[in-house]
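Listed below, chain by chain, are the residues.
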Amino acid sequence: QEQLVESGGGSVQAGGSLRLACAGAKYTYCMAWFRQAPGHEREGVASVYPGATSTSYADSVKGRFTISRDSDTLYLHMANLKPEDTAMYYCAGGPGSACIEGLHDARYNVWGQGTQVTVSS
């Protein structure tokens, strides 16, 4: 059984920071964070290659968010948070090829249940 479990979400004021964690991330998988706000499509946030050899970020979070991983946990450090970052955040795993095809949710086959991030102005 493969299972991803997110944690670290919560409510924070604009300009603050949070660190999300995703337990169960296999080091051989491409891992990514996605987010979805009500009325919006799921959006790719960041991804990290198997073995953490490379990373990728959506333009909207580049320079503010940092994705990282260790042997079994995926992280997303979120700094300078903005109200538009408010969403349910999901971690996802997929084959290594997903990391070179862009932040496309169809390429990921293992998903967590999500953790809510709310940013107030």
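Structure: see above.
What you see is a predicted model; the values in this text were computed from it and never measured. (Residues numbered from 1 in each chain as written. Predicted model: local features only at pLDDT ≥ 70, side-chain atom pairs only at ≥ 80, totals over all residues. Heavy atoms only, no water.)

### Comments concerning the sheet that holds strand β3 (residues 18-23)
Here's step 1: Spatially, 4 strands are ordered β1-β3-β8-β7 in an open sheet, and the strand pairing comes out antiparallel. Only two strands of the sheet have a single neighbouring strand rather than two, namely β1 (5-7) and β7 (65-69). Across this sheet, the average inter-strand angle for adjacent strands is 15°, counted without regard to direction.
Here's step 2: Here β1 runs beside β3; their pairing, made up of 3 bridges, is antiparallel. What sits directly across from Val 5, in β3, is Ala 23. (Pairing = 2+ DSSP bridges. Helix = DSSP H or I, 4+ residues; strand = E, 2+ residues; numbered from the N terminus. Axes fitted to C-alpha atoms, helices over the stretch in contact; angles between N-to-C directions.)

### Quick look at the state of the cysteines
Here's step 1: Following the criterion strictly, the structure yields 2 disulfides and no others.
Here's step 2: What pairs with Cys 22 in a disulfide is Cys 91, and their sulfur atoms sit 2.0 Å apart. An S-S torsion of about 55° defines the bridge between Cys 22 and Cys 91 as right-handed. Placement of the pair is Cys 22 in strand β3 and Cys 91 in strand β9 (residues 87-94), with a sequence separation of 69 residues. Across this residue pair, the class does not change: Cys 22 and Cys 91 are buried.
Here's step 3: The disulfide that involves Cys 30 links it to Cys 99, with 2.0 Å between the sulfurs. Between Cys 30 and Cys 99, the S-S dihedral sits near 90°, and the bridge is therefore right-handed. Of the two residues, Cys 30 is situated in strand β4 (residues 30-36) and Cys 99 in the loop between β9 and β10 (110-111); the sequence distance between them amounts to 69 residues. (Disulfide = S-S within 2.5 Å. Buried < 20%, exposed > 50% of the residue type's maximum accessible area, 1.4 Å probe, protein only.)

### Focus on the nonpolar core
Taken as a class, soluble globular proteins show a tendency for nonpolar side chains to be buried jointly.
Here's step 1: Judged by nonpolar contacts, the single largest core of 25 residues is most densely connected at Trp 33, Val 45, Phe 65, Leu 74, Leu 76, Met 78 and Tyr 89.
Here's step 2: Listed by contribution, the elements that provide at least two residues to this core are β3, β4, β5 (43-48), β7, β8 (73-78), β9 and β11 (115-120).
Here's step 3: Listed in part, the 7 residues of the second largest apolar core include Ala 32, Ala 92, Ala 98 and Cys 99. (Core = buried A, V, L, I, M, F, W, Y, C linked by side-chain atoms within 4.5 Å.)

### A short note on the pairing of β11
Here's step 1: Of the two faces of β11, only the one carrying Thr 115, Val 117 and Val 119 is buried; Gln 116, Thr 118 and Ser 120 on the other face are not.
Here's step 2: Looking at chain direction, strand β2 (residues 10-13) and β11 are connected through 4 bridges and run parallel. Looking at the pairing, Val 12 lines up with Val 119 of β11.
Here's step 3: Strand direction decides the pairing type here: β9 and β11, joined by 3 bridges, are antiparallel.

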